[in-house]
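# Summary of structural features
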Amino acid sequence: QVQLVESGGGLVQAGGSLRLSCAASGRTFSSSAMGWFRQAPGKEREFVSFIGWNGDNTIYADSLKGRFTISRDNVKNTVYLQMNSLKPEDTAVYYCARRGGGYRFDNVAGYDYWGRGTQVTVSS
(Lines give C-alpha, C1' and ligand atoms only; values in the text may rest on other atoms or scores of the structure.)
Protein backbone atom coordinates (compact mmCIF):
# COMPACT_ATOMS: atom_id res chain seq x y z
CA GLN A 1 0.00 0.00 0.00
CA VAL A 2 1.24 3.46 -0.90
CA GLN A 3 0.10 6.66 0.76
CA LEU A 4 0.83 10.08 -0.68
CA VAL A 5 0.38 13.31 1.25
CA GLU A 6 0.77 16.68 -0.43
CA SER A 7 1.61 19.89 1.38
CA GLY A 8 2.85 23.40 0.69
CA GLY A 9 -0.17 24.89 -1.01
CA GLY A 10 -1.65 28.22 -0.07
CA LEU A 11 -2.58 31.70 -1.20
CA VAL A 12 0.03 33.67 -3.12
CA GLN A 13 0.02 36.81 -5.24
CA ALA A 14 0.66 36.64 -8.96
CA GLY A 15 4.38 36.49 -9.64
CA GLY A 16 5.06 34.68 -6.39
CA SER A 17 6.39 31.21 -5.71
CA LEU A 18 5.37 28.08 -3.86
CA ARG A 19 7.06 24.76 -3.26
CA LEU A 20 4.82 21.75 -3.02
CA SER A 21 5.90 18.54 -1.33
CA CYS A 22 4.54 15.03 -1.65
CA ALA A 23 5.55 12.64 1.12
CA ALA A 24 5.23 8.98 0.25
CA SER A 25 5.00 5.93 2.43
CA GLY A 26 5.90 2.48 1.25
CA ARG A 27 9.09 0.73 0.21
CA THR A 28 8.49 1.11 -3.53
CA PHE A 29 8.89 4.89 -3.70
CA SER A 30 12.54 4.92 -4.73
CA SER A 31 11.78 2.67 -7.69
CA SER A 32 8.62 4.48 -8.78
CA ALA A 33 8.16 7.26 -11.27
CA MET A 34 5.92 10.03 -9.99
CA GLY A 35 3.75 12.75 -11.41
CA TRP A 36 2.02 15.99 -10.50
CA PHE A 37 -1.42 16.89 -11.83
CA ARG A 38 -3.79 19.73 -11.11
CA GLN A 39 -7.51 20.33 -11.29
CA ALA A 40 -9.18 23.71 -11.45
CA PRO A 41 -12.88 24.14 -10.58
CA GLY A 42 -15.09 22.87 -13.37
CA LYS A 43 -12.18 21.46 -15.34
CA GLU A 44 -10.65 18.06 -15.86
CA ARG A 45 -7.53 16.99 -14.04
CA GLU A 46 -4.53 17.91 -16.15
CA PHE A 47 -0.90 16.85 -16.32
CA VAL A 48 1.71 19.12 -14.79
CA SER A 49 4.97 17.21 -14.55
CA PHE A 50 6.61 13.78 -14.41
CA ILE A 51 9.82 12.51 -12.88
CA GLY A 52 11.51 9.16 -13.34
CA TRP A 53 12.46 6.91 -10.47
CA ASN A 54 15.98 8.32 -10.11
CA GLY A 55 15.19 11.90 -11.08
CA ASP A 56 17.11 11.84 -14.35
CA ASN A 57 14.03 12.04 -16.56
CA THR A 58 11.69 14.99 -16.12
CA ILE A 59 8.80 16.12 -18.32
CA TYR A 60 6.58 19.19 -18.10
CA ALA A 61 3.37 20.35 -19.65
CA ASP A 62 4.32 22.67 -22.49
CA SER A 63 2.55 25.64 -20.93
CA LEU A 64 4.53 25.29 -17.69
CA LYS A 65 8.06 24.84 -18.97
CA GLY A 66 10.47 27.31 -17.45
CA ARG A 67 8.25 28.14 -14.47
CA PHE A 68 7.84 24.80 -12.69
CA THR A 69 10.56 22.39 -11.57
CA ILE A 70 10.02 18.86 -10.34
CA SER A 71 12.55 17.04 -8.17
CA ARG A 72 12.71 14.18 -5.71
CA ASP A 73 14.63 12.97 -2.69
CA ASN A 74 14.56 9.19 -2.47
CA VAL A 75 16.08 9.24 1.01
CA LYS A 76 13.22 11.38 2.30
CA ASN A 77 10.63 9.60 0.11
CA THR A 78 9.47 12.99 -1.14
CA VAL A 79 8.71 14.60 -4.48
CA TYR A 80 8.74 18.36 -4.88
CA LEU A 81 7.23 20.85 -7.27
CA GLN A 82 8.80 24.29 -7.27
CA MET A 83 6.44 26.79 -8.86
CA ASN A 84 7.69 30.24 -9.82
CA SER A 85 6.12 33.25 -11.54
CA LEU A 86 2.71 32.00 -10.57
CA LYS A 87 -0.34 33.21 -12.48
CA PRO A 88 -4.03 33.31 -11.52
CA GLU A 89 -4.65 30.52 -14.05
CA ASP A 90 -2.40 28.25 -11.97
CA THR A 91 -5.08 28.21 -9.30
CA ALA A 92 -6.09 24.60 -8.75
CA VAL A 93 -5.85 21.63 -6.45
CA TYR A 94 -2.49 19.97 -7.05
CA TYR A 95 -2.15 16.21 -6.76
CA CYS A 96 0.85 13.93 -6.74
CA ALA A 97 0.53 10.39 -8.00
CA ARG A 98 2.58 7.26 -8.44
CA ARG A 99 3.02 6.02 -11.99
CA GLY A 100 1.47 2.63 -12.50
CA GLY A 101 2.08 2.38 -16.24
CA GLY A 102 -0.11 1.22 -19.08
CA TYR A 103 -0.85 4.69 -20.42
CA ARG A 104 1.09 7.78 -21.42
CA PHE A 105 2.86 9.67 -18.66
CA ASP A 106 0.40 12.57 -19.06
CA ASN A 107 -2.71 10.40 -18.73
CA VAL A 108 -4.34 10.14 -15.30
CA ALA A 109 -5.09 6.49 -16.05
CA GLY A 110 -1.35 5.78 -15.97
CA TYR A 111 -1.16 6.43 -12.21
CA ASP A 112 -2.33 4.02 -9.54
CA TYR A 113 -2.00 5.90 -6.23
CA TRP A 114 -3.04 9.50 -5.61
CA GLY A 115 -2.79 11.94 -2.77
CA ARG A 116 -5.72 14.05 -1.60
CA GLY A 117 -4.30 17.21 -3.07
CA THR A 118 -3.24 20.63 -1.85
CA GLN A 119 -4.97 23.87 -2.82
CA VAL A 120 -3.00 26.55 -4.63
CA THR A 121 -4.67 29.92 -5.07
CA VAL A 122 -3.00 32.73 -7.00
CA SER A 123 -4.51 36.17 -6.64
CA SER A 124 -4.19 38.86 -9.29
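In this report, we go over the structure that sits alongside the text. Predicted model only: the values in this text are computed from it and were never measured. (Residues numbered from 1 in each chain as written. Predicted model: local features only at pLDDT ≥ 70, side-chain atom pairs only at ≥ 80, totals over all residues. Heavy atoms only, no water.)

## Things to note about the packing of aromatic side chains
Just so we agree on the cut-off: Here is the rule: rings of Phe, Tyr and Trp (six-membered ring for Trp) pair when centre to centre is within 6.5 Å. Planes less than 30 degrees apart are stacked, more than 60 are edge-to-face, and the remainder are tilted. Secondary structure elements follow DSSP: runs of H or I no shorter than four residues count as helices, runs of E no shorter than two count as strands, and numbering proceeds from the N terminus. Working definition: with a 1.4 Å probe on protein chains only, accessible area under 20% of the residue-type maximum means buried, over 50% means exposed, and in between means partly exposed. Counted as over-ring charges are cases with an Arg CZ or a Lys NZ within 6 Å of the ring centre that also lie within 35 degrees of the ring normal.
Counting across every chain of the model gives seven aromatic pairs. Ring centres 5.0 Å apart and planes at 80° place the aromatic pair F37 and Y111 in the edge-to-face group. Here F37 is found in strand β4 (residues 34-39), whereas its partner Y111 is found in strand β10 (residues 111-114), with 74 residues between them in sequence. Judged on exposure class, the residue F37 and its partner Y111 are both buried. When the ring of F47 is compared with that of F105, the centres are 5.3 Å apart and the planes differ by 70°; the resulting orientation is edge-to-face. Linking F47 in strand β5 (residues 46-51) with F105 in the loop between β9 (92-99) and β10, this pair joins segments that are 58 residues apart in sequence. Judged by relative accessible area, which is 11%, F47 ranks as buried. The ring of F29 carries R72 above its face, with NZ or CZ at 4.5 Å from the centroid. One Lys or Arg, R99, reaches over the ring of Y111 and ends 5.7 Å from the middle of that ring.

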